[in-house]
Amino acid sequence: MIKDNVLLNDWHPVARSSDLPEASVMPAELLGEELVLWRTRGRAMAWQDLCVHRGSRLSLGRSDGGLLQCAYHGWTYNDAGECVKYPAHPEVKPSPKAKVTTYNCIERYGLVWACLGEPHGEVPRFEEWDDPAYRKIACGPYRYRSSGTRAIENFLDVAHLPVLHAGMLGDASHAEISDYEVQDEGDGITAKNVKVWQPDPDGTGIGKNVVYTYKVMRPMTAYLAKDTDEGRLSIFASVCPVSEFDSVAWFWLAMNYGKDVPEQELVAFQDRITGQDIPIVESQRPERLPLDLQAELHLRSDRVAVAYRKWLKRLGVSFGTT
């Protein structure tokens, strides 16, 4: 088990709810811990993926009647993680020690979230989720062979938009980033009034001036709102730190305009943008995000990234950082 108490006691998305139907069983991984996810009576659960008998993976087993059965010897566990049956010895009452390690698990925003420690607070709030004026669209998951902190910092990075995403989220001939405001809120970071002209900011194909607001709510969860004359596009992004150098990002788009644009086009647009980001993020060295600000060079346009690094350092995040 890792020693980063900040991430251990936080919520992380590990699967889409739709990928875990009733009586299903699937593997996942979080912070280097192998998990088995399963659902019974409508409830999603996350356990250590380990049968306490001979150490086989419970994710190879099956769910039946509210019980999870190991594929090796059939040891059967109830929804509290307690073994209730030894098939080879049906007359024997299982030992109280025959209990699987269970973790906190909850569902929000169509995602299954797990916490390996004791949760400090609720799942991060997605402002537009309950607003019927917004159309919600799931994108991803996107796999990064990199630290989750590098992936989140990329999401917050403004100056790469007109270069890496030229023709969509910016124009290389207009790469200048004007100054913007950044506030450390104590429990997060907010950047306001980030202005950029974009030839296709949302997949609708219409160029426009946009104003961004960025928020960092948790070390691995961030949000952006992109405002134009037509309305607002927001993205809720949460990255699951699978291991120190492997992460999976889950995105939700919310739009209160452009409702005639097919969903598949908007998803394809986000896939294209993220597909450009991933090889860049994976190429960054050092692989761990440096929290020592002297380790890399910074400009005014990096203000939100600098604030993010300072905030992580103050929190004591060590997993995926150096």
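Cut-offs used in this document
Residues numbered from 1 in each chain as written. Predicted model: local features only at pLDDT ≥ 70, side-chain atom pairs only at ≥ 80, totals over all residues. Heavy atoms only, no water. Phe/Tyr/Trp six-rings, centres within 6.5 Å; stacked < 30°, edge-to-face > 60°. Buried < 20%, exposed > 50% of the residue type's maximum accessible area, 1.4 Å probe, protein only. Helix = DSSP H or I, 4+ residues; strand = E, 2+ residues; numbered from the N terminus. Pairing = 2+ DSSP bridges. Axes fitted to C-alpha atoms, helices over the stretch in contact; angles between N-to-C directions. Core = buried A, V, L, I, M, F, W, Y, C linked by side-chain atoms within 4.5 Å. Contact = heavy atoms within 4.5 Å.

1. A closer look at the packing of aromatic side chains
Line of reasoning, step 1. Applying the stated criterion across every chain, the model contains 13 aromatic pairs.
Line of reasoning, step 2. Residues phenylalanine 126 and tryptophan 129 carry aromatic rings whose centres are separated by 6.0 Å and whose planes lie at 40° to one another, so their mutual orientation is tilted.
Line of reasoning, step 3. The class for phenylalanine 126 is buried, based on a relative accessible area of 2%.
Line of reasoning, step 4. Between phenylalanine 155 and phenylalanine 251, the aromatic rings sit 5.9 Å apart at their centres with planes inclined by 55°, giving tilted as the arrangement. You can see phenylalanine 155 sitting in helix 2 (residues 148-156) and its partner phenylalanine 251 sitting in strand 17 (residues 246-255), a full 96 residues away along the chain.
Line of reasoning, step 5. Chaining the aromatic ring pairs together yields one cluster made of Tyr109, Trp113, Phe126, Trp129, Phe236 and Trp252.

2. Brief notes about the sheet that holds strand 1 (residues 12-16)
To summarise the sheet geometry, strands pair through backbone hydrogen bonds and adopt either a parallel or an antiparallel arrangement.
Line of reasoning, step 1. Ordered by their spatial adjacency, 6 strands build an open sheet running 1-10-9-4-3-2, and the pairing between neighbours is antiparallel. Among the strands making up the open sheet, the edge pair consists of strand 1 and strand 2 (25-30). On average, each strand axis in the sheet is tilted by 35° relative to the strand beside it, whichever way the strands run.
Line of reasoning, step 2. The sheet contact formed by strand 9 (residues 102-108) and strand 10 (residues 111-115) spans 5 bridges and is antiparallel. Bridge pairing in strand 10 places cysteine 105 opposite alanine 114.

3. Here we look at the nonpolar core
Line of reasoning, step 1. Of all hydrophobic cores here, the largest spans 85 residues; its most connected members are Val14, Leu35, Leu156, Tyr214 and Phe251.
Line of reasoning, step 2. Examining the composition of this core, we find that 8 residues originate from one element, strand 17, more than from any other.
Line of reasoning, step 3. Phenylalanine 251 has contacts with Ile137, Ala138, Cys139, Tyr142, Tyr144, Phe155, Ile235, Phe236, Ala237, Gln270 and Thr274, leaving out every residue within four places of it along the chain.
Line of reasoning, step 4. By size, the runner-up hydrophobic cluster in this structure holds 14 residues, among which are Cys70, Trp75, Tyr77 and Tyr86.

4. Observations concerning the pairing of strand 12 (residues 181-184)
Line of reasoning, step 1. Both strand 12 and strand 13 (residues 189-198) contribute to a ladder of 4 bridges, which runs antiparallel. The partner of valine 182 across the bridge, within strand 13, is alanine 191.
Line of reasoning, step 2. Here strand 12 hands over to strand 13 after 4 residues, with glycine 186 in that stretch at a positive phi of 90°.

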